[in-house]
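# Tertiary structure, described
These are the residues of each chain, in order.
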Amino acid sequence: MVPKPAASSAKSIGSRPLPPLPKLRVRRPNKPEVNPCLGVMTSVLGCWASSGYSVQGCAQLEQKLRACMDAPRPAKGKDNMINYHLSRMYPKIKGPHRRD
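Being a predicted model, the structure only gives us computed values, none of them experimental.

Let us look at helix 2 (residues 38-51). Over its 14 residues, helix 2 extends 20 Å from the first C-alpha to the last, a length consistent with the 20 Å expected when each residue adds 1.5 Å. Two residues or fewer past helix 2, glycine 52 is found with a positive phi of approximately 75°.

What follows concerns the state of the cysteines. Applying the stated rule across the entire model yields two disulfides. Put simply, cysteine 37 and cysteine 68 are joined by a disulfide, and their sulfur atoms are 2.0 Å apart. Its torsion about the S-S bond being -100°, the disulfide of cysteine 37 and cysteine 68 is classed as left-handed. Here the residue cysteine 37 occupies a position in the loop between helix 1 (6-14) and helix 2, and cysteine 68 occupies one in helix 3 (residues 55-70), the gap between them amounting to 31 residues. Judged by relative accessible area, which is 4%, cysteine 37 ranks as buried. Described in terms of the sequence order of its bonded cysteines, the disulfide pattern of the protein is 1-4, 2-3.

The axis of helix 3 is deflected most strongly, by about 35°, at leucine 61. Listed in full, the buried residues belonging to helix 3 are Cys58, Glu62 and Leu65.

Chain-level statistics for the protein give a pLDDT mean of 75 and a share of 64% at 70 or above. Ranking the helices and strands of the protein by mean pLDDT puts helix 2 first, with 90, and helix 1 last, with 54.

This next bit is on the packing of helix 2 against helix 3. It is the contact of helix 2 with helix 3, at a shortest axis distance of 9 Å, that shows an interaxial angle of 160°. The angle between helix 2 and helix 3 places the two elements in the roughly antiparallel class. Crossing handedness for the pair helix 2 and helix 3: left-handed. Here Val40, Met41, Ser43, Val44, Cys47, Trp48 and Ser51 of helix 2 come into contact with helix 3, specifically with Gly57, Cys58, Leu61, Glu62, Lys64 and Leu65. Here the contact of helix 2 with helix 3 is built from residues that sort into eight nonpolar, three polar and two charged.

Conventions we followed
- Residues numbered from 1 in each chain as written.
- Predicted model: local features only at pLDDT ≥ 70, side-chain atom pairs only at ≥ 80, totals over all residues.
- Heavy atoms only, no water.
- Helix = DSSP H or I, 4+ residues; strand = E, 2+ residues; numbered from the N terminus.
- Expected span 1.5 Å × (residues − 1).
- Disulfide = S-S within 2.5 Å.
- Buried < 20%, exposed > 50% of the residue type's maximum accessible area, 1.4 Å probe, protein only.
- Bend = angle between axes of the 7 residues up to and from the residue.
- pLDDT = per-residue confidence, 0-100.
- Axes fitted to C-alpha atoms, helices over the stretch in contact; angles between N-to-C directions.
- Parallel < 35°, antiparallel > 145°, perpendicular 65-115°, else oblique.
- Left-handed = near helix turned anticlockwise from the far one by under 90°.
- Contact = heavy atoms within 4.5 Å.
- Nonpolar A, V, L, I, M, F, W, Y, C, P; charged D, E, K, R; others polar.

Below, the structure is given as structure tokens:
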């Protein structure tokens with residue numbers, strides 16, 4: 001008898017076929033925007049909590065918060081199109097399938 005090559009026996013033991021994917025998708029490719037006024041708002045709320053909601057001690061922080069809230073928001077960038085392109089490529093990766 002001729003012994004089998006070692007590579008084929010290792011392949012049959014160590015690797016299993018991957019389960020089929022229902023779809024290709026990247027979760028949340030667009031990162032959510034960070035609110036630029038969040039830090040100022042936190043400091044205003046902390047100042048109010050420590051000073052007993054008095055206006056005199058927190059007036060400067062309140063002005064900063066108002067200026068931040070009144071400032072124009074930056075234009076939203078383009079969305080990431082990776083899921084669109086993955087959905088277009090998936091039939092080519094998956095191969096032909098039988099329709100019932």
